[in-house]
Amino acid sequence: MRQGLVFALMSGAVSACSLAPADRSQPAVTETGLAPGQQQLVHHTSTMPYRPCPPTLPPGCEMAVLEGDPRGAGLFTLRIRANQAFVLPPHTHPRAERVTVIDGRIHVGFGAAVDKSASTGFDTGDYYVNAPDAVHFVWADSPVTVQITGIGPWEVHPYTE
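Residues numbered from 1 in each chain as written. Predicted model: local features only at pLDDT ≥ 70, side-chain atom pairs only at ≥ 80, totals over all residues. Heavy atoms only, no water.

**Q** Could you give an account of the side chain of Arg79, naming the residues involved and the relevant values?
**A** Relative to the assigned elements, Arg79 resides in strand β3 (residues 74–82). Here Arg79 sits buried without a salt bridge, and the closest side chain of opposite charge, Asp103, lies 9.7 Å off (N-O distance). Of the polar contacts made by the side chain of Arg79, one reaches the side chain of Gln147; its length is 2.6 Å. Contacts of Arg79, omitting those with residues within four sequence positions, involve Met48, Tyr50, Glu62, Met63, Ala64, Leu66, Ile102, Thr145, Val146 and Gln147. (Helix = DSSP H or I, 4+ residues; strand = E, 2+ residues; numbered from the N terminus. Buried < 20%, exposed > 50% of the residue type's maximum accessible area, 1.4 Å probe, protein only. Lys, Arg positive; Asp, Glu negative; His and termini not counted. Salt bridge = Lys/Arg side-chain N within 4 Å of Asp/Glu carboxyl O. Polar contact = N/O pair within 3.5 Å; in protein donor to acceptor, adjacent residues only side chain to side chain. Contact = heavy atoms within 4.5 Å.)

Here's what the structure looks like:
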């Protein structure tokens, strides 16, 4: 059951209302991600715009959109933090997914079945890019925070043979 809930985190993230930019009163942004005349986009850790994940997700899970809109075209950056262990079943993305581990340890493996012994661990500060359409699974055995950057719209497709 936990697998399904965490998979919902990723697959439901694109349409989840909690992924809307934190402050809709800001002026429209340009292709650089900054509003006309804006010199810098800043998010300090102490004021990161985390919002609760939708209720179908694990208790305590939070997401923050840092830049752009994952549901639309263009560059986006978001953070996801999970406060418990999870397994995200095999899935794909139509565009490259760039992941930085902000805190904790996450594991990534490739293939149509979850095989934890065939995965690579990534620690705080590590970075990886998953190629478009690469079938992969993700798991963590303790709390973790990751930052994902990509070109939207962000899509997650469950893998089925």
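**Q** Which residues make up the packing of aromatic side chains, and what are the values?
**A** Counted according to the given criterion, the structure contains two aromatic pairs. On the basis of an interplanar angle of 45° and a centroid distance of 6.1 Å, the ring pair of Phe76 and Trp154 is categorised as tilted. Taken as a pair, Phe76 in strand β3 and Trp154 in the loop between β10 (144–152) and β11 (157–158) lie far apart in primary sequence, 78 residues in all. Considered together, Phe76 and Trp154 belong to a single accessibility category, that of buried residues. Ring geometry for Phe122 against Tyr128: centres 4.5 Å apart, planes inclined by 35°, an arrangement best described as tilted. Owing to a relative accessible area of 15%, Phe122 belongs among the buried residues under this scheme. Over the ring of Tyr50 we find Arg81, and its NZ or CZ is 3.5 Å from the ring centre. (Phe/Tyr/Trp six-rings, centres within 6.5 Å; stacked < 30°, edge-to-face > 60°. Lys NZ or Arg CZ within 6 Å of the ring centre and 35° of its normal.)

**Q** Hey, could you go over the environment of Gly109 for me, with residue numbers and the actual values?
**A** With respect to the element layout, Gly109 can be found in strand β6 (residues 105–110). Expressed as a C-alpha distance, the spacing of Gly109 and Val138, which sit 29 residues apart in the sequence, is 6.6 Å. Apart from the residues within four sequence positions on either side, Gly109 is in contact with Ala118, Ser119, Val135, His136 and Phe137.

**Q** Break down the pairing of strand β9 (residues 136–140) for me, citing the residues and quoting the values.
**A** Here β9 lies mainly inside the structure; five of its five residues are buried. Taking every second residue as pointing to the same face, both faces of β9 are buried, with His136, Val138 and Ala140 on one and Phe137 and Trp139 on the other. Relative to β9, β6 runs antiparallel, the two sharing four bridges. Bridge pairing in β9 places Gly109 opposite Phe137. (Pairing = 2+ DSSP bridges.)

**Q** Could you give an account of empty space enclosed by the protein, naming the residues involved and the relevant values?
**A** Regions of empty space are outlined by a rolling probe, equal in size to a water molecule, passed over the atoms. Under the criterion given, the structure shown has two cavities of 30 Å³ or more. Volume-wise, the second largest cavity comes out at about 30 Å³. Lining the second largest cavity are Phe76, Arg95, Ala96, Glu97, Ile148, Thr149, Gly150, Ile151 and Trp154. Top element by residues in the lining of the second largest cavity is β10. It accounts for four residues. For the lining of the second largest cavity, a count of residues per class yields five nonpolar, two polar and two charged. (1 Å grid on protein atoms, 1.4 Å probe; cavity = no way out; pocket = protein on both sides within 12 Å on 5 of 7 lines; lining within 4 Å. Points joined across faces, edges and corners; volume = space filled by probe spheres on them. Nonpolar A, V, L, I, M, F, W, Y, C, P; charged D, E, K, R; others polar.)

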